[in-house]
Amino acid sequence: MIAHKCPHIKVTIVDINAARIAAWNSDHLPIYEPGLEAIVKARRGKNLFFSTDIDKAIIEADLIFVSVNTPTKKSGVGAGYAADLFYIEACTRRIASVATSSKIVVEKSTVPSRTASSMRTILEANSRPGLRFDILSNPEFLAEGTAIADLESPDRVLIGSLGTPEAKAAQAALVGVYANWVPRERCITTGLWSSELSKLAANALLAQRISSVNALSAICEATGADIDEVAYACGTDTRIGSKFLKASVGFGGANCFHYQFTNQFTKGLQLTSTLFLSGSCFQKDILNLVYLSESLHLPEVADYWRQITLMNEYQKRRFSQRVVTSLFNTITHKKIAVLGFAFKKDTGDTRESPAITITKHFRAENAKISIYDPKVPEAQIWLDLTEPGIVDDTALVKQQVTIAPTAIEACMGAEGIVVLTEWDEFKSLDWAKIYESMTKPAFVFDGRGILDVVALTKIGFKVERIGRGVSE
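Residues numbered from 1 in each chain as written. Predicted model: local features only at pLDDT ≥ 70, side-chain atom pairs only at ≥ 80, totals over all residues. Heavy atoms only, no water.

Secondary structure assignment for the protein yields 18 helices and 14 strands. Relative to the globule expectation of 23 Å for 472 residues, the C-alpha radius of gyration of the protein, 24 Å, shows essentially globular dimensions. Residues counted as buried form 53% of the 472 residues belonging to the protein. In the protein, of all internal contacts separated by at least 6 residues, the share reaching a separation of at least 24 is 73%. Accessible surface, the protein: about 20,000 Å² in total, of which carbon and sulfur atoms supply 55%. Here the protein contributes 52 positively and 52 negatively charged side chains, and the mean placements of these two sets differ by 3 Å. (Helix = DSSP H or I, 4+ residues; strand = E, 2+ residues; numbered from the N terminus. Rg over C-alpha atoms; globule rule 2.2 N^0.38 Å. Buried < 20%, exposed > 50% of the residue type's maximum accessible area, 1.4 Å probe, protein only. Contact = heavy atoms within 4.5 Å. Areas by Shrake-Rupley, 256 points an atom, 1.4 Å probe, with all protein chains shown as cover. Lys, Arg positive; Asp, Glu negative; His and termini not counted. Charge placed at Lys NZ, Arg CZ, Asp CG, Glu CD.)

In structure tokens form, the structure reads like this:
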């Protein structure tokens, strides 16, 4: 977006992965995001460049964005909760060892509070004499699927710094970059620690709303209430608002978009950003907040945030069980069509997608599963459903799972259809044709609440929608 909005600024993207850089320089970008391809192709070769020469970019830059992956630790202290800061430290050490002049270093990754303090210590301990490093926190709040719009017109740009005059000057320099297209009143300046915590807090509060409405959806299904009506009634209260009150099968990777880039800003300011595609933020950030609370000896606070993730897992498990129960308590050898594998529409991202968990539940019930998603690569689906490096069960998975080229083909001959991603094309499928091919009674399980229940019921389907009971 900086290259798009600031044609006078040269932006160079660097990555250690040569194949990824080659993809960014090709006609087939390594990720799908509406509007991204047009911007990249419009600016590439003009003021937007992609390179593997990281050291050169660091040397030439005045301002460096560190936006590397911070996955949840899988072993050691804090396993399953704490953020793994290995890449943050590695990137920081590389900057310290390579830099030949003072730099402004900006955290773009979602990190635990006070990570900047560790970065500062590493930089000062390993850099050349006489160099100065000012560290800023500038977390990203955009969401996949709407990332370009979020970047073009953000609700806010948050920039945190220490209170020293030098740090304030660095903060003002970054504000000046964003001010090329973002109104200055939307550029919020805070303390460094407040900025770091704000990103975790924002994602935790959004996930809290999703888990809250999903918990209510379970009550609706048991009582005959309609979660859409309940959510609408609650959302009209201005104190609550209507956003993030849509019940679903659970949240996955959302509101998080990190890259491993190095952006060089020329003509007065050079900016380097090291960018990696990072993981799903809601789950990861809540677990991070749980670990942070426990580390601060706040067990009640940790338990509060942990419950959000437990509710998310419960929602997925509950939906899977509903499918099995409705199909006469067994789906053994029955064909189940899974429509959608990405965690949300308008992205090919599957990280923490509910579809992964639910498909694995169906596998455990010995179902025959046919999957269709318009944007998720076939290789990614196989990767998500197998465990390479742990136990290679690819052959077993392929005995139960097939990947269809179209939604219609996925559904043909199925005994149940499960909608797990809210792709618009699923609303306008030839449902009558699909119905004719299915074993009767034909079931549709709408895990996203996007289908026309009345129309499908008229065709003959038994429709079960999240937050509502079975259609008659």
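Further notes follow.
Before going further, it helps to examine the sheet that holds strand E9 (residues 335-339). Pairing in this open sheet of 6 strands is parallel, and the strands run E11-E10-E9-E12-E13-E14 from one edge to the other. Because the sheet does not close on itself, it has two edges, and the strands there are strand E11 (401-403) and strand E14 (462-465). Geometrically, the sheet is characterised by an average inter-axis angle of 20 degrees between neighbouring strands, direction not taken into account. Inspection of the sheet shows strand E10 (residues 368-372) paired to E11 by 3 bridges, in the parallel sense. (Pairing = 2+ DSSP bridges. Axes fitted to C-alpha atoms, helices over the stretch in contact; angles between N-to-C directions.)

With respect to burial, strand E4 (residues 103-107) is a largely interior element, 5 of its 5 residues being buried. Both faces of E4 are covered, namely the face carrying Lys-103, Val-105 and Glu-107 and the face carrying Ile-104 and Val-106. One ladder, built from 4 bridges, connects strand E3 (residues 63-67) with E4; its direction is parallel. What sits directly across from Leu-63, in E4, is Ile-104.

Looking now at helix H9 (residues 192-223). For H9, spanning 32 residues, the distance from its first C-alpha to its last is 47 Å, which sits close to the expected 46 Å at 1.5 Å a residue. At Ser-198, H9 shows its maximal kink, close to 25 degrees. Two residues or fewer past H9, Gly-224 is found with a positive phi of approximately 95 degrees. (Expected span 1.5 Å × (residues − 1). Bend = angle between axes of the 7 residues up to and from the residue.)

Applying the stated criterion across every chain yields a total of 11 aromatic pairs. On the basis of an interplanar angle of 85 degrees and a centroid distance of 5.7 Å, the ring pair of Phe-251 and Phe-282 is categorised as edge-to-face. In this pair, Phe-251 is assigned in the loop between helix H10 (227-235) and strand E8 (271-275) and Phe-282 in helix H11 (residues 281-295), connecting sequence segments 31 residues apart. Assigned by exposure class, Phe-251 and Phe-282 land together as buried. Relative to Phe-445, the ring of Phe-443 lies with its centre 5.7 Å away and its plane at 10 degrees, an arrangement referred to as stacked. Of the residues examined, Phe-443 reaches a relative accessible area of 6% and is grouped as buried. Connected via pairs of aromatic rings, a cluster forms that spans Phe-244, Phe-251 and Phe-282. The ring of Tyr-32 is capped by Lys-375, whose NZ or CZ atom sits 4.3 Å from the centre of that ring. (Phe/Tyr/Trp six-rings, centres within 6.5 Å; stacked < 30°, edge-to-face > 60°. Lys NZ or Arg CZ within 6 Å of the ring centre and 35° of its normal.)

By the definition in use, this model includes 1 cavity of 30 Å³ or more. In this structure, the largest cavity encloses a volume near 30 Å³. Every residue along the wall of the largest cavity is listed here: Glu-107, Ser-109, Thr-110, Val-111, Ser-137, Pro-139, Glu-196 and Lys-199. Looking at the lining of the largest cavity, its residues break down into 2 nonpolar, 3 polar and 3 charged. (1 Å grid on protein atoms, 1.4 Å probe; cavity = no way out; pocket = protein on both sides within 12 Å on 5 of 7 lines; lining within 4 Å. Points joined across faces, edges and corners; volume = space filled by probe spheres on them. Nonpolar A, V, L, I, M, F, W, Y, C, P; charged D, E, K, R; others polar.)

Considering the arrangement of structural elements, one finds Ser-370 in strand E10. The exposure class assigned to Ser-370 is buried, which follows from its relative accessible area of 3%. The residues contacting Ser-370, other than those within four sequence positions of it, are Lys-335, Ile-336, Ala-337, Val-338, Thr-402, Ala-404 and Ala-410.

The next thing to look at is the environment of Cys-234. Within the secondary structure layout, Cys-234 lies in helix H10. Separated by 210 residues in sequence, Cys-234 and Trp-24 place their C-alpha atoms 44 Å apart.

Counting 59 residues, the largest nonpolar core has Phe-319, Leu-339, Phe-362, Ile-417, Phe-426, Trp-431 and Phe-461 as its most contacted members. Sequence-distant contacts of Trp-431, defined by excluding residues within four places in its chain, comprise Leu-339, Ile-417, Phe-426, Val-444, Leu-451, Leu-456, Ile-459 and Phe-461. (Core = buried A, V, L, I, M, F, W, Y, C linked by side-chain atoms within 4.5 Å.)

At the junction of Lys-440 and Pro-441, the peptide bond is cis and its omega measures out at 0 degrees in the coordinates. Assignment of secondary structure puts Pro-441 in the loop between helix H17 (431-437) and strand E13 (443-446). Phi is positive for Arg-114, which is not a glycine, with a value near 80 degrees. Considering the arrangement of structural elements, one finds Arg-114 in the loop between E4 and helix H6 (115-126). On the basis of relative accessible area, Arg-114 is assigned to the partly exposed category, the value being 47%. Phi angles above zero are rare outside glycine, and His-333 is one such case at about 65 degrees. Tracing the backbone shows His-333 in the loop between helix H12 (299-326) and E9.

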